[in-house]
Every structure is written in structure tokens, then in C-alpha cells.
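A closer look at the structure
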Amino acid sequence: MTSTLEARELVVVREDRRILDGASILVPPGEAVAIQGPSGSGKSTFARALATLLEPDAGAVLLGGLDAQRIAPTQFRTRVAFLAQQPAMFEGSVLRNLEAGPQVHGKSLSDVRASELIRAVGLDEPILQREARTLSGGEKQRVALARALANEPEVLLLDEPTAALDPDAGERIVALLRELRARGLSVVMVTHEESHARALGGTLYRCERGRLAIDS
Amino acid sequence: MSYAHITLPRLLLSLALIAVAIALSRRGRLGLERDLVWGALRGAAQLIAIGYVLLLLFNHEHPAWVVLLLAVMLGVAGATAARRVEHGPPRTVLFSRAIAAIGAGTLVAVVPVFAAVVPLHPWYEARYLVPISGMMLSNAMNVVALVFERIFASARSEADQVEALLALGATPRQALERQVRATLRAALLPTINGLLTVGLVALPGMMTGQIVSGTPPEQAVRYQIVILYQLVAVAAVAGMVAVGFARRLLFTGRAQLVLPRN
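Residues numbered from 1 in each chain as written. Chains lettered and ligands numbered in written order. Predicted model: local features only at pLDDT ≥ 70, side-chain atom pairs only at ≥ 80, totals over all residues. Heavy atoms only, no water.

With that settled, consider the overall build of chain B. Regarding its fold elements, chain B presents eleven helices and zero strands. Ordered by position in the sequence, the α and β elements of chain B form the string α-α-α-α-α-α-α-α-α-α-α. Once the C-alpha set of chain B is aligned to its principal axes, its extents read approximately 70 × 55 × 35 Å. Expressed as a percentage of the 262 residues in chain B, the buried residues total 36%. Residue pairs at least 24 apart in sequence account for 72% of intrachain contacts in chain B once pairs closer than 6 positions are excluded. Carbon together with sulfur atoms contributes 67% to the accessible area of chain B, which is approximately 15100 Å² in total. Counting 22 positive and 11 negative side-chain charges, chain B places the averaged centre of each group 3 Å from the other. (Helix = DSSP H or I, 4+ residues; strand = E, 2+ residues; numbered from the N terminus. Buried < 20%, exposed > 50% of the residue type's maximum accessible area, 1.4 Å probe, protein only. Contact = heavy atoms within 4.5 Å. Areas by Shrake-Rupley, 256 points an atom, 1.4 Å probe, with all protein chains shown as cover. Lys, Arg positive; Asp, Glu negative; His and termini not counted. Charge placed at Lys NZ, Arg CZ, Asp CG, Glu CD.)

Here is the structure:
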């Protein structure tokens with residue numbers, strides 16, 4: 001079961017500058033949404049606010065109709081998985097990275113599940129034993145995705161997942177996101193790449209000067 | 001008790017040791033001459049002053065004076081620990097927290113010892129209370145300064161790791177666990193090294209002083225053992241309390257990482 005993720009009129013002010021100026025979005029269950037805009041338009045700030053990693057000065061984030069303020073951050077972020085532009089790999093093997101999410105919730109990750117996850121992001125099982133920090137940019141993105149999926153989230157929220165990758169690797173990530181959406185996950189992707197935003201399918205929002213508008 | 005008196009001319013003679021360091025600094029162009037002169041004079045002035053303060057205190061022992069002196073020592077320790085934390089919040093924010101951490105560590109180490117191991121008569125007996133508390137305050141000060149310096153710097157340099165954990169649903173405590181562990185290990189290491197090398201490398205100042213001034217060595221050693229264990233407790237408690245404060249400064253109530261601005 002996935003829930004609707006919504007942002008209502010988010011405002012973020014930093015040093016007298018309105019980085020977000022009433023940005024709103026609606027992500028129905030199982031839908032894909034791309035947010036496209038030039039750098040400096042506020043889209044990364046929006047993604048972080050939507051992930052509750054940054055407190056907006058005004059406005060609200062809602063999950064399943066419930067204000068995020070009324071959901072424990074640990075719970076919200078388990079249901080809405082956020083991936084930074086260049087996801088940090090934790091020390092140790094890829095497997096240890098995959099175990100991180102369940103571990104913080106006092107659970108363990110079975111070997112079978114770890115294999116499933118790594119295959120779901122298009123990687124082969126031997127990579128589980130490799131040192132995560134030595135992977136390529138594209139591999140790190142995939143491992144970060146698998147790591148997020150280990151928490152069985154309802155929504156995937158990605159900030160510029162293709163920005164640090166070469167065009168081929170970027171396209172493969174977008175294809176992977178489409179696949180994950182087809183399996184029932186909601187996907188929100190922030191990108192400055194118009195082609196990737198369109199390739200994701202679903203609703204396309206444009207971000208300009210801290211506001212979002214549906215691209216018609 | 002008999003001990004070799006240090007006359008004033010002899011004391012001045014010891015200044016030659018500073019001259020050696022100054023000469024080496026000059027030769028090596030280290031530029032430390034001014035610091036060495038200032039440090040030597042300031043250190044001597046502070047010790048002479050506290051010598052007179054202690055003399056006064058011993059002659060007119062009154063709880064208010066003892067408590068006042070300890071409060072001043074705590075204040076100076078707090079101000080020193082909160083100073084120059086490069087990647088941390090401003091001094092004004094850290095000062096009260098440094099005081100609380102140093103105070104908590106010192107209380108935990110000092111109160112049980114004076115209650116059960118070295119009973120004081122009266123409870124404010126300055127001869128014991130002031131020097132031993134001073135050693136505890138000084139160790140706590142160093143630990144708290146190290147904790148503040150290191151935890152804010154590592155939260156900044158490893159912010160992406162901390163946020164990645166928060167994004168996986170970790171609590172602030174879980175997200176900062178690695179940095180906290182490294183910080184506390186680094187902050188406690190000097191105290192633990194002190195435990196391991198005491199008697200082998202260094203004879204502690206207080207024990208040396210006691211022996212030199214005529215206390216039987218086996219009693220001086222017992223005092224030193226108690227003090228060593230107190231120093232460990234002080235370091236652990238002050239370090240943990242300081243980490244707790246730092247954690248609260250680094251995260252909002254909604255588990256968001258907020259790095260202090262420089």
C-alpha cells in the first residue's frame with residue numbers, strides 16, 4: 001500500500017532570500033513525478049523539505065493526508081526514502097550498506113533479501129562483498145537505491161540521481177526508476193535534465209524561482 | 001618534615017630553562033619566543049597568585065571562600081573549553097554547556113571520593129578540596145574542549161553520511177553514533193594513556209610534590225591512585241555530557257541536521 005505524498009505551499013527563506021516561495025506538489029500513490037528546473041531554482045531545497053530533512057519556514061508536507069509534523073521523523077523517512085545527488089556510502093561492504101536501514105529499525109536483512117535487492121537495481125550478487133566506497137558513481141547510485149529499498153518505502157524521492165553520471169548510466173537509472181514504479185512504488189525525481197524528466201513518464205513539474213507548476 | 005627550600009634567587013635561576021627553549025626557538029626560527037616569555041611569566045604569576053590565595057584560604061577557611069574559588073576555577077575552565085571551536089556554535093552558546101559538562105564530570109568524581117575515600121573535616125577542607133578539584137576541572141576542561149572541537153568538525157565533514165542515515169529513518173543518536181564514538185575515543189585517549197604509563201614514564205605532579213615535601217611515598221602513591229581513577233571518571237562523564245549537548249545543538253527536534261554557521 002502506498003500513500004499520497006503532498007507538499008502544500010512550502011516556503012524556505014535563507015538569508016533574506018526566498019528559496020522556496022509557496023511550492024506545492026501532489027504525488028498520488030504509485031505515480032511518477034519529475035521536477036525539472038535550472039540550477040538555483042530551488043528544486044533540491046524542495047526535495048530536502050519534502051523528505052523532512054529541512055524544516056520549511058511555512059507550508060506543510062503531508063503523507064497519506066497526515067501532516068508530517070504528526071508522524072515521527074524516523075517513520076516518515078522509512079516510508080519516504082530520500083536519495084541525495086551523490087549518495088554517501090557507509091564504511092564497509094555493499095552488503096553492510098544494504099543492512100543499514102533495517103539495522104536502525106532493529107531488524108536484520110536476510111541474505112536472500114539482500115540478493116533480491118541487489119538484482120532489483122540491476123547489479124550482480126558478487127558486488128555485495130565489495131567495498132562500497134570503491135564503486136563507480138553509477139554503481140553507488142544503484143547501491144543507494146537498493147539500500148533505500150531495503151526499508152520497503154512507499155515513495156522514492158531522488159535528488160538529481162543522474163547528474164553525476166555519464167549519459168548511458170543516467171538513462172539506465174531512469175529506466176530502473178520506471179521499473180520500480182511499475183512495481184507499485186511512487187517515484188519523485190528532481191532533475192535539471194529535461195530528457196530524463198520526460199523519460200520517467202508521469203507528471204512533469206517545472207521549478208522556477210521557488211515555485212512549482214505542472215508542465216502542460 | 002624537612003625539604004629543600006627554594007629561595008627566590010634559586011627560583012629565578014630556573015628561568016634559564018626557558019632561556020634554553022627561547023634559544024632553540026630562535027635558532028629554529030619557530031617564532032615562539034614571545035609566547036614562551038609570556039607563557040613563562042603568566043604561568044609563574046598565576047601560580048604565585050594561587051599560592052597566596054591558598055595561603056589566605058587555609059588561614060581563614062570558610063565555606064563561602066572555598067566555594068567561590070571553585071566557582072572561579074569552573075568558570076575559567078568553561079571559558080577555555082568553549083574557546084576557539086572552529087566549526088562549532090559561538091562561544092556564548094557553548095560556554096554554559098561547557099560549564100555543565102565540566103561541573104557534572106567533576107562532581108561525579110569528587111563527591112563520592114570525599115564522602116568515602118578521603119573524608120574531609122570539615123566538608124570544605126580547602127587543603128584537599130581545592131587542589132584535587134582543580135585537577136579534575138582541568139582534565140574535564142581538556143576533554144570537553146576536545147569533544148566540542150572534534151564533534152562539530154566531524155559532523156560537518158561527514159554531513160552526507162549523517163544525513164544518509166537520517167534519510168534511512170535513523171534517530172539523531174544513531175545517525176551520529178560513529179562520529180560520537182570516534183570523538184569520545186580521541187578525547188579519552190590521553191587519560192587512558194596516562195593510566196597505562198603512570199609510574200613508567202611520568203611520576204604525577206601531585207605525588208612528586210607530596211614525596212618531595214615529606215609525605216611517606218606509600219601514602220603519596222595511594223592518593224595518586226585515587227586521583228588517577230577520579231581522572232578517568234571525570235573524563236568519561238564530562239565527555240558524555242558534552243557529546244549530549246553537542247548532539248542537541250546539531251539536530252532539531254524534528255531530527256534534522258543543522259550545522260552551526262561559522
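What follows continues from the structure just given.
So, on to the layout of surface pockets. All names here are of chain B. Taken as a whole, the largest pocket spans an internal volume of roughly 1800 Å³. Every residue lining the largest pocket is counted, 37 residues in all, and those nearest its centre are L47, G51, L54, G209 and S213. Breaking the lining of the largest pocket down by element, the ones donating at least two residues are helix 1 (8-13), helix 2 (15-27), helix 3 (33-59), helix 6 (126-157) and helix 10 (205-212). Within the lining of the largest pocket, the residues separate by chemical class into 28 nonpolar, eight polar and one charged. Each of two domains, domain 1 (1-60) and domain 2 (62-250), supplies a minimum of three residues to the lining of the largest pocket. Those elements giving two or more residues to the lining of the second largest pocket turn out to be helix 3, helix 4 (63-81) and helix 6. Element by element, the count of residues in the lining of the second largest pocket is highest for helix 4, at six residues. Considering only residue class, the lining of the second largest pocket consists of nine nonpolar, four polar and two charged. When residues of the lining of the second largest pocket are sorted by domain, at least three fall in each of domain 1 (1-60) and domain 2 (62-250). (1 Å grid on protein atoms, 1.4 Å probe; cavity = no way out; pocket = protein on both sides within 12 Å on 5 of 7 lines; lining within 4 Å. Points joined across faces, edges and corners; volume = space filled by probe spheres on them. Nonpolar A, V, L, I, M, F, W, Y, C, P; charged D, E, K, R; others polar. Domains from an automatic or database assignment.)

Okay, the side chain of S186 of chain A next. Relative to the helices and strands, S186 of chain A resides in strand 8 (residues 186-191). S186 of chain A has contacts with T2, S3, V27, P28, P29, G30, E31, E154, V155 and L156 of chain A, leaving out every residue within four places of it along the chain.

Below, the discussion takes up the environment of E193 of chain A. Residue and element names in this part refer to chain A. By the element assignment, E193 lies in the loop between strand 8 and helix 7 (194-199). Accessibility expressed as a relative area gives 32% for E193, which makes it partly exposed. Between the alpha carbons of E193 and S115 there is a distance of 31 Å; along the sequence they are 78 residues apart.

Attention now moves to the interface of chain B and chain A. Across the contact, 17 residues belong to chain B and 27 residues belong to chain A. Summed over both partners, the interface of chain B with chain A buries about 1900 Å², with 50% contributed by carbon and sulfur atoms. When the area that chain B buries against chain A is broken down by residue, the three leading residues are L168, R254 and Q256 of chain B, summing to 38%. Across the contact surface, chain B and chain A share two salt bridges. Run the count over chain B and chain A and you get twelve residue pairs in polar contact (both at pLDDT 80 or more). Considering each element in turn, the side of chain B that touches chain A owes the most residues, seven residues, to helix 7 (residues 159-167) of chain B. (Buried area = accessible area lost by both parts, 1.4 Å probe. Salt bridge = Lys/Arg side-chain N within 4 Å of Asp/Glu carboxyl O. Polar contact = N/O pair within 3.5 Å; in protein donor to acceptor, adjacent residues only side chain to side chain.)

Another aspect to go through is the environment of G184 of chain A. Residue and element names in this part refer to chain A. With respect to the helices and strands, G184 occurs in the loop between helix 6 (167-182) and strand 8. Taking the relative accessible area as the measure of exposure, G184 reaches 33% and is therefore partly exposed. When the C-alpha positions of G184 and I173 are compared, they lie 17 Å apart, and in sequence the two are eleven residues distant. Those residues within four positions of G184 in sequence are excluded, and the remaining contacts are T2 and G30.

Right, let's talk about helix 2 of chain B for a bit. Taking 1.5 Å per residue, 13 residues should reach 18 Å; helix 2 of chain B reaches 19 Å between its end C-alpha atoms and fits that length. R29 of chain B, located one to two residues past helix 2 of chain B, shows a positive phi value of around 50 degrees. (Expected span 1.5 Å × (residues − 1).)

Take the pattern of salt bridges next. Residue and element names in this part refer to chain A. In the structure shown here, the tally under the stated rule is 19 salt bridges over all chains. Here R18 and D21 are joined by a salt bridge, their closest N and O atoms 2.8 Å apart. Take D21: its relative accessible area is 25%, and that puts it in the partly exposed class. One salt bridge in this structure joins E154 and R79, with 2.8 Å as the shortest N-O distance. Residue E154 is located in the loop between helix 5 (137-149) and strand 7 (155-159), and its partner R79 is located in helix 2 (residues 73-79); the two are separated by 75 residues in the primary sequence. On the basis of relative accessibility, which here comes to 13%, the residue E154 falls in the buried class. Taken together, the shared-partner salt bridges connect E194, R198, R206 and D215 into one network.

Once that is clear, we can look at the nonpolar core. Formed by 95 residues in total, the largest nonpolar core has its most connected members in L5, I25, I35, F46 and L50 of chain A together with V144 and F148 of chain B. Sort the elements by how many residues they give to this core and helix 6 of chain B lands first, with 16 residues. Beyond its immediate chain neighbours, meaning those up to four positions away, L5 of chain A contacts I25, L26, V27, L50, V61, L62, L63, F76, V80 and V155 of chain A. Counting 40 residues, the second largest nonpolar core, distinct from the first, contains L117, I127, V143 and L180 of chain A. (Core = buried A, V, L, I, M, F, W, Y, C linked by side-chain atoms within 4.5 Å.)

Attention now goes to a nonpolar patch on the surface. All names here are of chain B. A contiguous nonpolar patch, built from I192, L195, L196, V221, I225, Y229 and V232 and spanning about 590 Å² of accessible area, is present on the exposed surface. Contributions of two or more residues to the nonpolar patch are made by helix 9 (177-197) and helix 11 (217-250). Looking at the nonpolar patch element by element, the count peaks at four residues for helix 11. Counting through the fold element by element, L196 comes out in helix 9. (Patch = residues over 30% accessible without salt bridge, like charges linked within 9 Å, V, L, I, M, F, W, Y side chains within 5 Å.)

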